[in-house]
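Structural overview
Chain residues, written in single-letter form:
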Amino acid sequence: MQEHNKASAWFEELYKQNENTHENIPWAKLTVNPLLQTYLDTKKEHKGKALVIGCGLGDDAYALSKAGYETLAIDISQTALDIAEKRFVGTAIVYEKQDIFDMPKKYFEYFDFVFEALTIQSLPREFREKMIKAVADSVAKNGELLVVAHKKELVDGGPPWPLTQVEIDHFKSNGVQQMSFELIKEASHISNTRFRILYKKMA
């Protein structure tokens, strides 16, 4: 087992323990991420292939599918995928157990829209640059990538491990151009600031 797999193995156990209630899964809000919904509300046309990284219980994937995307939802936890598929039965969402570090070659520069929210920060910092590259590699030419992550403040006990500005800037070193940059203030025990950044991969 690779080191990043060991670091993420606890996800499956957590989902299994909370399969019936979902109450103790801290990131499972059972609704679309509002920072993704803002994107969907402000952009008029939604078409092509979308990817949700670390889809969890499926709400973001459902929002993208409903907006008009052909949506692939991936997670390292099969239990999470099973729950999501049951919650949104009858939709066209495709669920796959995938490791973002080891995506099939067919998914290289494949997706017209990629959503990454809070997944990078869930793994220790030593995997950060590799994961950022893997996320950027999945974006098609002229495709867009929306990244949501907590911004590192003074405390750094994890998981999760919020991203620094230097770390988030690694995206720009991996073939994507920053289109918009926002710092969203919110009350959170993780960090009181979130990055919301939209990137585009130029042809």
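Quick word on the packing of helix α3 (residues 34-42) against helix α4 (residues 59-67)
- The interhelical angle for the contact between α3 and α4, taken along N-to-C directions, is 5 degrees, at an axis separation of 10 Å. Our classification of the angle between α3 and α4 gives roughly parallel. For the pair formed by α3 and α4, the contact residues are Leu36, Gln37 and Leu40 on the first element and Asp60, Ala63, Leu64 and Ala67 on the second.

Quick word on the environment of Leu81
- Inspection of the secondary structure puts Leu81 in helix α5 (residues 78-87).
- As for Leu81 and Gly54, which are separated by 27 residues in sequence, their C-alpha atoms are 9.6 Å apart.
- Apart from the residues within four sequence positions on either side, Leu81 is in contact with Cys55, Ala73, Ile74, Asp75, Tyr95, Glu96 and Lys97.

Here's the deal with unusual backbone geometry
- Here the phi dihedral of Leu118 falls at roughly 70 degrees; this positive angle occurs in a residue that is not glycine.
- With respect to the helices, strands and loops of the structure, Leu118 is situated in the loop between β4 (111-117) and α6 (128-137).
- Residues other than glycine seldom take positive phi values, yet Asn142 does so here, at roughly 70 degrees.
- Turning to its location among the elements, Asn142 is positioned in strand β5 (residues 139-150).

Observations concerning α3
- Buried within α3 are the following residues: Leu35, Leu36, Tyr39 and Leu40. Relative to the axis of α3, the buried residues are bounded by an arc of 145 degrees and lie together on one face. The outward face of α3, more than 90 degrees from its buried face, is lined by the exposed residues Pro34, Asp41 and Thr42.
- Buried residues in α3 make contact with α4, β4, β5, β6 (176-185) and β7 (193-201).

So, the environment of Phe111
- Structurally, Phe111 is set in strand β4.
- For the pair formed by Phe111 and Leu72, sequence separation is 39 residues and the distance between their alpha carbons is 9.2 Å.
- Leaving out residues up to four positions away in the same chain, Phe111 has contacts with Lys49, Ala50, Leu51, Leu72, Ser138, Val139, Ala140 and Gly143.

A few points about the nonpolar core
- Ranked by size, the top nonpolar core spans 29 residues in total, and within it Ile100, Val135 and Phe171 carry the most contacts.
- Where this core is concerned, the elements lending two or more residues are β1 (49-53), β2 (70-75), β4, α6, β5 and β7.
- Sorting elements by how many residues they give to this core places α6 first, with 5 residues.
- Apart from residues lying up to four places away in sequence, Ile100 is in contact with Ile53, Ile74, Met131, Ala134 and Val135.

Definitions and limits used
Residues numbered from 1 in each chain as written. Predicted model: local features only at pLDDT ≥ 70, side-chain atom pairs only at ≥ 80, totals over all residues. Heavy atoms only, no water. Axes fitted to C-alpha atoms, helices over the stretch in contact; angles between N-to-C directions. Helix = DSSP H or I, 4+ residues; strand = E, 2+ residues; numbered from the N terminus. Parallel < 35°, antiparallel > 145°, perpendicular 65-115°, else oblique. Contact = heavy atoms within 4.5 Å. Buried < 20%, exposed > 50% of the residue type's maximum accessible area, 1.4 Å probe, protein only. Arc of directions from axis to C-beta. Core = buried A, V, L, I, M, F, W, Y, C linked by side-chain atoms within 4.5 Å.

So yeah, pure geometry; function would need other evidence.
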